[in-house]
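Listed here are the chains, written in short residue letters.
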Amino acid sequence: MIKFDYMKNIIGIVVLIFLLVACKKDIPVAAPEVKQINSMTDLTVSNTFSWQTGKDVTVTIHQSVSDMIIISSPDEGMLFHKGFYNDSSSNLKIIVPIPTYITQLNVNSQLFTINGNTVDIYTLGKKKTPTFINYSLHLNGTTDWVAIQNSSNIVLNNAFTLEAWVKCEKQQSVKIIEKGDWDGFGLGQDLYKGWMASLAMSNLTATNVYVGSQPVLNRWYYVAATYDGRALKLYVDGVLKSSANTTGTMNYTHRTVSIGSDNGGQKFFKGYIDDVAFWTRGLSVSEVVQGENLGWSGAESGLLAFYQFNEGSGTAIHNTVSTALNGTLIGSFSLDTGYGADTDGDGVLNGYDDYPNDPTRAFNNYYPSNGFGSLAFEDLWPSRGDYDFNDLVVDYQFMNVTNRNNKLVETFATFIVRATGASYKNGFGFQLAGNAIPQSAINVTGFKIYDTYISLHANGLESGQNKPTAIVFDNAFRCIPYAGGGGIGVNTSAGANYVTPDTIVLHFTYTPDLYTLNDLNISAFNPFLIVNEIRNKEVHLIDYPPTALATTSYFNTLNDASNPALNKYYRSSGNLPWAVNIYERFDYPYEKTDVLKAYLHMAEWAQSSGTLYPDWYQNKNGYRNTANIFSH
Ligand SMILES: [Ca+2]
Ligand SMILES: [Ca+2]
Ligand SMILES: [Ca+2]
Ligand SMILES: [Ca+2]
C-alpha cells in the first residue's frame, strides 16, 4: 500500500511537471487563478484548526436549583443532558457535548444562545415543563376545597392579581380561586371557554374574560388574572389571552376567599392546584412571567398571600406571606405532578426516571446525544494516505448511567466496526482524557481481543498506561473478515461481498457514588488506531496525544509535523489529520476516493476553520456526491 501511494505520487508529479511545461508553452501570460481544490492536499488549513465536528458547552446556572435539568437542541430533537439537582451554590456547571452547528440550547423549555462555549443562566424557567417535585392540592371535583380564614374583611377597591398553577382532570365550569363569587372576583374554568377571569364592580356590572377554548386535560397551566383599575386581563403560561377594559370601584363583599369551589357549596374543581398567589395590585406581564418561572418568596410588595401547599398532610394550609389568611383544607394533598409517582423512591418521578423500578439508577446520558458518531482513520501515518478515510471506520456511542445524585453507575460503550479499507491488521482503543476517575475505580468487560500483543490488567483496562485506557478490539480483520468477491478491504469497494458490521459493547462500572459525568468527560475521549498490531504505533485524532505505550519516534518523519511541546500531534505539514471524529454517523467514501469528492462543502469547512458548513457531513441538498460514497 505504501508502495502504491508512492508510485501514484511520482506519476502525479510527472504529470504535473508535464502540464506546467505544456501550459508555459501555450499561454505565455497566465492570470492569477483561484487554487483548484480536488483533494485534501490542495487545502489551505490553519495550523490551529481542530477538525472537530463537536464541542463542549459549559452551562452555568447562577441560582439555586432543586429540580430536573433537561438540556436539548432548540427543537428538543437532540437530548444533551438529563439530571436531577439539589444545588445551592448558584454556580452549577453542566458540560454538554454538542455538534458545532448548534447555536442555541433549550434548557427546561427556555432557549439560551451559546456564547463561544458557554451558556450562563440567571433565570431558569423551572416550571414551564412542570418539573417541581413538591406537594399540591388534589381536589376530587365533588367535595374538596380550601377555605381561607379571616378573609371576609379583605377590602380591595381598584386592583388585584390572582395566580395559580392548575391541571384539570375534567371539562366543567368551576372555580380555581375566588373572593366571594359573582359579586367578587376570581379565576375559574368554563366548560366551553376554558380558563377565565371575572370581576364585579360596585354597581354590580360583571366583566368576564376567557381563553376561548377548553384546556388540555392533565397538563399544568400557569393562569393569572390582573386588574389595575383599567382593564381585567387573563394570562396563561405568561401570555396575555384576553383583556377587557373596565373602570370604577370594585364591589366589596364580606364573603371569604375560597380555593377550588364556590365557597364549598358548588363548582368544585377536579384536578391539581398549586402555588396560589393573591395580590393587592395588578401585576405587569413581566411580573406574571416571573411568577411562572420563579414563584414568590413571600416578601414581595403587595403580595397578600402565597399558598404552596407543601404541608403534605393534615388540613392546615399555610400562607407563606404571614399567618394571616391561613386556610383549611377539605380534601387531600398530592405529590403527583403529572410525571407519575416515584415507584422506586429515589426522588426521581417515573416520567423522568429511565429506571423507574431501580433506586440505584436514574438517567441515561448519551454521547453523542442521539444515535452514533463515527471515527474514520487513515492508517499510513506518518505517511499521508489517500484521504478516503475508510482504512478503519468505527461508529461509537456512550450511554452513561447516573443515579439520582448524578453520580456515575456504569457506561455502555457501543462500537460498530463498519469498514476496513486497509491491508493492515489494525486494532482500536481509547483513553480517557484524565485521571479524575482513577484506573483502580474502573472495571471493564466486553472487548474483543483475539491475538497476543495486548496486555490487560485484571480490571480489563490496558496495562502500562498512565490514564484509563480500553482496547475495544485488537484486529479488525477478525471483527469483519474479508468475504471474497474482489476488491481490497472490507465494505469499501463495490465488487467485494458485504460483511455485516461487528457490534462490540464495552461495559464500564465505577466505584459507586463517587464520580460525575464531568469527571468522565467522555466527549474528550482519545480514540486511537493501533497500526498492524504494532503496539507502539498509534494513530490519533489531530492534536490528541499518544498513549504511554506509543513511541514518539515517528513524529516529524515523512508527512507528520507533530510538535509535542505545543500540543500538536498527528498533524501533517499541511495541517491535515489522519483521523476524524464525526458527531453523527459518517457515510464514508469508496476505496481510494478523496473525501472531498464525496463531501462537497468539507473543503470550505476546513479552510474556514469550521465556520462555514459546520454540518458538512449531513445528507442535505447539494452537500454530497453520493456516487462517491460507499453503499451496498
Ligand atoms: Ca406546592
Ligand atoms: Ca424513581
Ligand atoms: Ca430509578
Ligand atoms: Ca486510506
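Residues numbered from 1 in each chain as written. Chains lettered and ligands numbered in written order. Predicted model: local features only at pLDDT ≥ 70, side-chain atom pairs only at ≥ 80, totals over all residues.

Along the backbone of the chain there are six helices and 34 strands. Relative to the compact-globule value of 26 Å for 632 residues, the chain shows a C-alpha radius of gyration of 32 Å, a clear excess of over 25%. If you line up the chain on its principal axes, its C-alpha atoms span 100 × 65 × 45 Å. Here the chain, with 632 residues, has 44% of them falling under the buried criterion. Of the contacts made within the chain by residues no fewer than 6 positions apart, 66% connect residues no fewer than 24 positions apart. (Helix = DSSP H or I, 4+ residues; strand = E, 2+ residues; numbered from the N terminus. Rg over C-alpha atoms; globule rule 2.2 N^0.38 Å. Buried ≥ 20, exposed ≤ 12 C-beta atoms within 10 Å, placed from the backbone. Contact = placed C-beta atoms within 7 Å.)

Okay, the pairing of strand S34 (residues 579-582) next. Put simply, side chains in a regular strand alternate between the two faces of the sheet. The two faces of S34 match: Ala579 and Asn581 on one face and Val580 and Ile582 on the other face are all buried. Where strand S25 (residues 373-377) lies against S34, four bridges are found, and the strand directions are antiparallel. The partner of Phe377 across the bridge, within S34, is Ala579. (Pairing = 2+ DSSP bridges.)

Counting 80 residues, the largest nonpolar core has Ala376, Leu529, Val539 and Ala579 as its most contacted members. Dropping the residues within four chain positions of it, Ala579 is found in contact with Leu375, Ala376, Phe377, Glu378, Leu529, Val539, His540 and Leu541. Residues Trp195, Ala225, Tyr272 and Phe306 belong to the second largest nonpolar core, which totals 53 residues. (Core = buried A, V, L, I, M, F, W, Y, C linked by C-beta atoms within 7 Å.)

Backbone hydrogen bonds hold the strands of a sheet together, and the pairing may be parallel or antiparallel. The strand order across the open sheet built from four strands is S30-S28-S32-S33, with neighbouring strands paired in antiparallel fashion. With partners counted over all chains shown, the strands left at the sheet margins are strand S30 (469-473) and strand S33 (538-540), one partner each. Strand-to-strand, the axes of this sheet are offset by a mean angle of 30°, without reference to chain direction. In this sheet, strand S32 (residues 526-530) lies alongside strand S28 (residues 427-431) in antiparallel orientation, the contact comprising five bridges. The residue bridging Gly429 from the neighbouring strand is Phe528, located in S32. (Axes fitted to C-alpha atoms, helices over the stretch in contact; angles between N-to-C directions.)

The subject of this paragraph is the environment of Ser243. With respect to the helices, strands and loops of the structure, Ser243 is situated in strand S17 (residues 239-245). Residues Ser243 and Tyr210 lie 33 residues apart in sequence; the distance between their C-alpha atoms is 8.6 Å. Discounting residues that sit within four places of it in the chain, Ser243 has contacts with Val209, Ala231, Leu232 and Lys233.

Summarising burial for S30: five of the five residues are buried, a large majority. In terms of strand pairing, S28 meets S30 through four bridges, oriented antiparallel. For Phe430, the partnering residue across the bridge sits in S30 and is Ala470.

This paragraph deals with unusual backbone geometry. Of the consecutive residues Tyr367 and Pro368, the connecting peptide bond is found in the cis state with omega at -10°. Within the secondary structure layout, Pro368 lies in the loop between strand S24 (363-367) and S25. The omega torsion of the bond from Trp381 to Pro382 falls at 5°, within 30 degrees of zero and hence cis. Along the chain, the position of Pro382 falls in the loop between S25 and strand S26 (392-402).

Moving on to the confidence of the model for the chain. Scored by pLDDT, the chain comes out at a mean of 91, with 92% of its residues at no less than 70. Taken together, the stretch residues 1-28 has pLDDT below 50 and engages in nine contacts with residues farther than four places along the chain or on a different chain. (pLDDT = per-residue confidence, 0-100.)

This next bit is on the environment of Asn567. Residue position: Asn567 is located in the loop between S33 and S34. Put simply, Asn567 and Leu303 are 264 residues apart on the chain and 59 Å apart in space, counted from C-alpha to C-alpha.

With respect to the secondary-structure elements, Gly351 resides in the loop between strand S23 (332-334) and S24. Its 14 C-beta neighbours within 10 Å are what place Gly351 among the partly exposed residues. The spacing of Gly351 and Ala299 is 52 residues in sequence and 34 Å in space, taken between C-alpha atoms.

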